[in-house]
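Report on the structure
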Amino acid sequence: MPRVGLTTDRLVEAAAELADEVGFDHVSISALARRFGVKDASLYSHVRSLGELRTRLALFVGGEMIDGIGAAVVGLAGKDALVAFAGAYREYALRHPGRYAATQIRIDQERDRELTAASPAMRRTAEITYGMLRGYGLEEPDLTDAVRLLRSTFHGYCMLEAGGGFGAPRDVRRSWDKAVDALHEALTHWPRETVTVGDDGA
């Protein structure tokens, strides 16, 4: 029997639930249609394509994730903020593997311009991440370099941990804490890039 009250928001929420259950790669229009007891065509009145669904899902779960991180770092600065940020990131990635995988997709900014413009998730992610790093006195272009360092470290560690990639007997949480300590030292003693007059080609 078809479900009543199906909306785009409910569809995206169901996609998030499905991603954690079966994996992000297995989220499809057909799988969601079966979940709601409707035909595939019924869902195309809510999303134009699987690509749009995945973009909406990425923005939705990205908002969830950054809300958790934001709540963890509020009122903190320096190392305390970094530790809280890192901990909230890791907790979300390990607790919601399917949702987390959705946050890693590359969003087509041209195709999905209206969706990204209407979503506060990307803006809030930038504000919280860059705000935390500015506590270390960083400015551009060092801010972008530091964001890339943190993202690659957090993502790589979480993926290896979730996949059972750490085989040594050393407790993975202790290694995580050491990694965050090392990031703090790197950020504190960041090799700042000096821009001299004329470097911009003017």
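To keep things clear, this report deals only with the structure shown in the data block. (Residues numbered from 1 in each chain as written. Predicted model: local features only at pLDDT ≥ 70, side-chain atom pairs only at ≥ 80, totals over all residues. Heavy atoms only, no water.)

Some remarks on the overall build of the protein
Looking only at helices and strands, the protein features 10 helices and zero strands. Secondary structure elements in the protein, listed N-terminal to C-terminal, are α-α-α-α-α-α-α-α-α-α. Its C-alpha atoms give the protein principal-axis dimensions of roughly 65 × 55 × 30 Å. Residues counted as buried form 37% of the 202 residues belonging to the protein. Restricting the contact set of the protein to residue pairs at least 6 apart, pairs at least 24 apart contribute 68%. (Helix = DSSP H or I, 4+ residues; strand = E, 2+ residues; numbered from the N terminus. Buried < 20%, exposed > 50% of the residue type's maximum accessible area, 1.4 Å probe, protein only. Contact = heavy atoms within 4.5 Å.)

Some remarks on the environment of L18
The topology assignment puts L18 in helix α1 (residues 8–22). Along the primary structure L18 and D80 are separated by 62 residues, whereas in three dimensions their C-alpha atoms are 34 Å apart. Setting aside its immediate chain neighbours within four residues, L18 contacts G23, V27, A31, L32 and R35.

With respect to a negative patch on the surface
Together, E139, E140, D145 and E193 line one region of the surface with negative charge. Relative to the helices and strands, E193 is located in the segment after α10 (172–188). What makes E193 partly exposed here is its relative accessible area of 47%. (Patch = residues over 30% accessible without salt bridge, like charges linked within 9 Å, V, L, I, M, F, W, Y side chains within 5 Å. Areas by Shrake-Rupley, 256 points an atom, 1.4 Å probe, with all protein chains shown as cover. Salt bridge = Lys/Arg side-chain N within 4 Å of Asp/Glu carboxyl O. Lys, Arg positive; Asp, Glu negative; His and termini not counted. Charge placed at Lys NZ, Arg CZ, Asp CG, Glu CD.)

Examining unusual backbone geometry
With an omega dihedral of 5°, the bond running from E140 to P141 counts as a cis peptide bond. As for its placement among the helices and strands, P141 is situated in the loop between α8 (121–134) and α9 (142–162).

Quick look at the packing of α8 against α9
Where α8 contacts α9, the axes come no closer than 10 Å and their chain directions differ by 110°. Regarding the angle of α8 to α9, the classification is roughly perpendicular. Contact residues: T129, Y130, M132, L133 and R134 in α8; L143, T144, A146, V147 and L150 in α9. Among the residues making up the contact of α8 with α9, the classes are represented as seven nonpolar, two polar and one charged. (Axes fitted to C-alpha atoms, helices over the stretch in contact; angles between N-to-C directions. Parallel < 35°, antiparallel > 145°, perpendicular 65-115°, else oblique. Nonpolar A, V, L, I, M, F, W, Y, C, P; charged D, E, K, R; others polar.)

So, α8
Between its terminal C-alpha atoms α8 stretches 20 Å, which fits the 20 Å expected from 14 residues at 1.5 Å a residue. Along α8, the residues that are buried comprise A121, I128, T129, M132 and L133. All buried residues of α8 project into a common sector of 130° when viewed along the axis, lining one side. At its buried positions, α8 is contacted by α4 (50–73), α5 (78–95), α9 and α10. (Expected span 1.5 Å × (residues − 1). Arc of directions from axis to C-beta.)

Overview of the side chain of R90
For R90, the position within the fold is in helix α5. The residues touching R90, leaving out its near neighbours within four places in the chain, are C158, E161, V172, R173 and W176.

Quick look at the side chain of T129
Within the fold, T129 resides in helix α8. Once residues lying within four places of it in the same chain are set aside, the contact partners of T129 are F85 and V147.

Quick word on the nonpolar core
By size, the foremost hydrophobic cluster in this structure holds 52 residues, and its most contacted members are L32, I69, L82, F154 and L187. Those elements that place two or more of their residues in this core are α1, α2 (29–36), α4, α5, α6 (97–103), α8, α9 and α10. Broken down by element, this core gets its largest block of residues, nine residues, from α5. (Core = buried A, V, L, I, M, F, W, Y, C linked by side-chain atoms within 4.5 Å.)

Thoughts on the environment of S152
With respect to the helices, strands and loops of the structure, S152 is situated in helix α9. Residue S152 is classed as partly exposed on the basis of its relative accessible area of 46%. The spacing of S152 and R113 is 39 residues in sequence and 26 Å in space, taken between C-alpha atoms. At 2.8 Å, the side chain of S152 and the backbone oxygen of R148 are in polar contact. For S152, the side chain forms a polar contact with the main-chain oxygen of L149, separated by 3.0 Å. (Polar contact = N/O pair within 3.5 Å; in protein donor to acceptor, adjacent residues only side chain to side chain.)

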